Amino acid sequence: MNKQKVRVRFAPSPTGALHIGGVRTALYNYLFAKQNGGNFILRIEDTDQTRFVEGAEEYIKKSLDWIGITPDEGPEQGGDYGPYRQSDRKSLYKKYADQLVEKGHAYYAFDSPDDLTQLREEYEKERKISFKYDATVRYQLKNSLNLSPEEVSTLIEQEVPYVVRMFIPEDDEVIFSDLIRDDVRFDTNELDDKVILKADGMPTYHLANIVDDYLMEISHVIRGEEWLSSTGHHVLLYKMLGWTERMPQFAHLPLLLKPEGGGKLSKRDGAKFGFPVFPLQWEEPSDGNTYKGFREAGILPEALANFIALLGWSPGNDQEIFSVEDLVKVFSLEQISKSGARFDYDKALWFNQQYIIHSDTQSLLSYIEDYFPNISGLASKEYLSKVLELYKERIHTILEFPDQALPFFSEEFEYDTKQIKKRYKPENHELYLDLFETINNTDPFEQRSIKSNVESFISEKETKFGVVLPILRLAIAGILQGPDLFAMMEVIGKEKTRKRLDRSLPIFQELKN
Ligand code: GLU
C-alpha cells in the first residue's frame, strides 16, 4: 500500500472551455485530497501548441473558483513543485526522453509526416486494418533501429527533423489495478510506439504527464475514462524510467452520457437540448458561438457541485443533498460506478430548487442583484427580501424570479382576461364587492388577519373559497398563479392592494352588464 502523502492533480489542457465532465473530475480530485488531508494541484497541460486556445486557462481557473474548488498548488498559487504550467517546464522533459533512448526503451524516428501519410494510405488500402507504428512495421521504417549510428548522427547533424518514439516490447502484458475498474490488462502487441518527444523538441502529453506526475509526487491519478486506453503506455513509461516504486494509483471515472444515453455528452448536445454543458459562459473561437454556462442559466454553484458529485458516485443510501463539506466526509473512490452516468438537466434544476429553498434570503438576494443589477431600482431591499421569501419554493432558477414575481413590481400588470371571463359569475358580483370591502377594512393588514377576515366572510356568506378567491387573486395580481394570496397582500401593502382592487372594478362591471 502506498503510504505517501495524498497529492492529486487536475491536469486540463487549455484547448477550450472546461466541459462539465472536467469539472466533475476536478471535484472528485478535490474531495479525495481534502478527505485525506492531501493537496489538490492544478497543472496546465499546454504542450500541444497547435491546440492552444486563448483564454482557456483563464476560463478553467475562473470555473474552479466559481464552484469553490481552490487548488493548493497551481499556476496562481505556486508551490514547491512548480512551475505548474507545462510550457514553463519545457526544458525539463528532453532529458527523460534521452534517458529512454540510452536504455533502449525509445528510439529516433526520422520518417517525415508525408512519408507516414503515404505509408498509412497504402497499408490501410492493402490490409484493411488501421496502420500502427509498432513492432510489425518499425523495422522497415526510417529510424534508429534500422540505421547505423553513423547514419543517425549524420541525419541529426543535417538537422533532419525527428521524433522520439517508445519502443514497446512484444508479446508482453501490462497490468495495473485501477481503483474503480480493478485489474486492467493490455497486450503490448496492441500498443503502438507512441511519440514521446516531437520534432520541435516538445514532449507529447504522454511523456510530460508521466514526468510531471513523478516529479510532483502525485499519489493518485483520478481522471476521465477517455484516458484509460493511454494508461498501458503510461505504466510502461514508469517501468522504463525505473519509477514503478512511485507509480501513482489510477482511478478512471465513468463517462458522462447524453440525456437519452447512447454516447458521450458533447457540447453540441447542450445546443441541441437547450441546456448548458459548461460552468460559465464561453465564446468559442472556432465557430464564433456563445455557449451559455450553468451560471448564466441561474444555477447556484453549490447546486451544480452537488449535482455533478452524484453523476457516477453514490453514497450508498438515499441521501441526495450534500454540501461540498459533507462530500469531503462521505466521498469514496470505491463507490464510483464503472458504467457511464446519464446527464439529466431536470435533475440539475431539481437540485437548484432545493438549494434555493434552503438558502438564506439575504444570500439569494445578493445573487439576484448580481443577475439583475437593475432590480434594486425597482424596490427596497426589505421589500425584495419579502417577495423573494414568497417565491423561494416556486422557482427552479434565479432567472425565473423577475418574471414570476412581476405582479410585485408593477402596478401596470396585464390581466389574464380569459381566466377572468371563466371565473367571473354575474350572480356573485355583489359578493365580490363585499369581499373587496372586507379586505379594505382589514386592520392590521397582515397575512393572518386578512386570512381570518376572509374566512369569517366565507362562513357568514355561506360561500366557498373557490367561488371568491380566484377573482380576488385576478384583481390583485392579474394572474392565477402565485404564492399564498394573503401573504401577497401583506407584502404589497394596504394602500396598493386597495388601488389594485379599485383598478379592477371596471372590468367586473363590464362583465356584469
Ligand atoms: N491533459 C489531459 C486532459 O486534458 C490530462 C489527462 C490526465 O489527467 O492525465 O484531460
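All of these numbers come straight from a predicted model, not from anything done at the bench. (Residues numbered from 1 in each chain as written. Predicted model: local features only at pLDDT ≥ 70, side-chain atom pairs only at ≥ 80, totals over all residues. Heavy atoms only, no water.)

**Considerations on the site of the ligand**
- Lining the immediate surroundings of the ligand are R9, A11, P12, S13, E45, Y205, N209, R223 and W227.
- With respect to the ligand, the side chain of S13 contributes an N or O atom lying 3.0 Å from a nitrogen atom.
- One of the side-chain nitrogen or oxygen atoms of Y205 is found 2.9 Å away from an oxygen atom of the ligand.
- Here the ligand loses 85% of its free accessible area of 290 Å² to cover by the protein chains.
- In a pocket analysis with a 2 Å cut-off to the grid points, the ligand is assigned to the largest pocket.
- Of the residues that constitute the shell around the ligand, the class distribution is four nonpolar, two polar and three charged. (Near = heavy atom within 4 Å. Polar contact = N/O pair within 3.5 Å; in protein donor to acceptor, adjacent residues only side chain to side chain. Areas by Shrake-Rupley, 256 points an atom, 1.4 Å probe, with all protein chains shown as cover. 1 Å grid on protein atoms, 1.4 Å probe; cavity = no way out; pocket = protein on both sides within 12 Å on 5 of 7 lines; lining within 4 Å. Sits in = over half its atoms within 2 Å of the grid points. Nonpolar A, V, L, I, M, F, W, Y, C, P; charged D, E, K, R; others polar.)

**Considering the layout of surface pockets**
- Its volume calculated, the largest pocket comes out at about 1300 Å³.
- S13, T15, R51, E226 and W227 are, among the 44 residues lining the largest pocket, the residues nearest its centre.
- Of all elements in the fold, only β1 (7-10), α1 (20-35), α6 (205-215), β8 (220-224) and α8 (267-273) reach the threshold of two or more residues within the lining of the largest pocket.
- For the lining of the largest pocket, the element with the highest residue contribution is α1, accounting for four residues. (Points joined across faces, edges and corners; volume = space filled by probe spheres on them. Helix = DSSP H or I, 4+ residues; strand = E, 2+ residues; numbered from the N terminus.)

**Quick notes on α6**
- Along α6, 10 of the 11 residues are buried, which leaves the element largely enclosed by surrounding structure.
- Turning to α6, its buried residues number three or more, namely Y205, H206, L207, A208, N209, I210, V211, D212, D213 and Y214.
- Contacts from the buried residues of α6 go to β1, α3 (94-102), β7 (195-197), β8 and α7 (231-240).
- Immediately downstream of α6, the backbone of E217 shows phi near 55°, a positive value. (Buried < 20%, exposed > 50% of the residue type's maximum accessible area, 1.4 Å probe, protein only. Contact = heavy atoms within 4.5 Å.)

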